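Coordinates in review
Given next are the chains, with one letter for each unit.
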Amino acid sequence: KQEVTQIPAALSVPEGENLVLNCSFTDSAIYNLQWFRQDPGKGLTSLLLIQSSQREQTSGRLNASLDKSSGRSTLYIAASQPGDSATYLCAVRLMGWDNYGQNFVFGPGTRLSVLP
Amino acid sequence: ETGVTQSPTHLIKTRGQQVTLRCSSQSGHNTVSWYQQALGQGPQFIFQYYREEENGRGNFPPRFSGLQFPNYSSELNVNALELDDSALYLCASSPGPNSNQPQHFGDGTRLSIL
C-alpha cells in the first residue's frame, strides 16, 4: 500500500528565510507528484506538478524536486513571506489502482507559519 | 475557464440523517473525484466518477454513494450519518481518469454532525 509522509508536521520561521518541506512515498511506481497549498478551512490550491520523468519544477519562489528512486520530493520556498502561511500537502498519483482502491494518495501535510 | 465549485459550503446534520453534496467540474473535465478530509489530516479518497460511471472506490462503506451527470457534475450522498462523518468534503476534477494533468479542487463542503 502506498504511504505518503511529510516532515516536519509543523514549521515556524521568520519572514525572509528560505525553507524546505519534505515528502516521502513508499512505492516509486508513481505517475506524478503534486504539491498543494491549503488555507484554514479552505480547499486545495495546486502549486506544482512533477511528472515521474521530471526532476524538478519551478514557479516563482517555489521549486519542487522529485527523486523517484528514493521515494522523495522536496518543496523549496525562497524568501518566505507571512502570506505563505498555510498547510502544504503533497500527493502522488499511482499507476492505476492499488488493492486498497487508491490512485491518488495524500500526505498529512506540513503546517507552515511565517512570522513577520 | 470556470473552476470547480461545490455546494453548500457548510452543512449541519444530526446522526442518522442523509446528506447530498454537489460539485460542478471544471470546464472540459470529465472525471470527478471525492475526498474526505478530517481535521488535521490529509484528504482520503472516497470514489471517482468517469463518464457517469464509478471508476474507482476507496475504503468507504456503501452508505457513501455518488452520481455523475451528463454535464460531468457530480453528487456525493451519505446515508445514516455518523459523528465520524464530520469532515471537509472535497471534490476534484481532471481531464481524464489517468490524466497526467493536475487535479483541480473546489473549496469543499464543511459537514458537521451533531
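Above this text sits the structure in question.
Heads up: these notes are all about the structure in this document.

Cut-offs applied
Residues numbered from 1 in each chain as written. Chains lettered and ligands numbered in written order. Predicted model: local features only at pLDDT ≥ 70, side-chain atom pairs only at ≥ 80, totals over all residues. Heavy atoms only, no water. Helix = DSSP H or I, 4+ residues; strand = E, 2+ residues; numbered from the N terminus. Rg over C-alpha atoms; globule rule 2.2 N^0.38 Å. Pairing = 2+ DSSP bridges. Axes fitted to C-alpha atoms, helices over the stretch in contact; angles between N-to-C directions. Phe/Tyr/Trp six-rings, centres within 6.5 Å; stacked < 30°, edge-to-face > 60°. Buried < 20%, exposed > 50% of the residue type's maximum accessible area, 1.4 Å probe, protein only.

1. Section: the overall build of chain A
Along chain A, the regular secondary structure elements total zero helices and 11 strands. When its helices and strands are written in sequence order, chain A yields β-β-β-β-β-β-β-β-β-β-β. Whereas a compact globule of 116 residues would reach a radius of gyration of roughly 13 Å, chain A reaches 14 Å, a difference of no more than 12%. Dimensions of chain A along its principal axes, counting C-alpha atoms only, are 45 × 30 × 20 Å.

2. With respect to the sheet that holds strand β8 (residues 74-78) of chain B
Residue and element names in this part refer to chain B. Ordered by their spatial adjacency, four strands build an open sheet running β1-β3-β8-β7, and the pairing between neighbours is antiparallel. Two strands bound the open sheet, and with one partner strand each, they are β1 (5-7) and β7 (64-68). Across the sheet, the mean angle from the axis of one strand to that of its neighbour is 20 degrees, orientation sign disregarded. Judged from the five bridges that link them, strand β3 (residues 19-24) and β8 form a sheet pairing that is antiparallel. In the strand pairing of β8, Cys23 is matched with Ser74.

3. Brief notes about the packing of aromatic side chains
Counted by the stated rule, this structure contains 12 aromatic pairs over all chains. Here the aromatic rings of Phe104 of chain A and Phe106 of chain A are separated by 5.3 Å at their centres, their planes lie at 85 degrees, and the arrangement is edge-to-face. Of the two residues, Phe104 of chain A and Phe106 of chain A, both sit in the buried class. Plain terms: the ring middles of Phe106 of chain A and Tyr35 of chain B are 5.6 Å apart, the flat faces sit at 85 degrees to each other, and that makes the pair edge-to-face. Remark: Tyr35 of chain B occurs in strand β4 (residues 31-37) and Phe106 of chain A occurs in strand β10 (residues 104-106); the pair is interchain, linking two chains. An aromatic cluster of at least three residues, connected via ring pairs, comprises Phe36, Trp97, Phe104 and Phe106 of chain A together with Tyr35, Phe45 and Phe105 of chain B.

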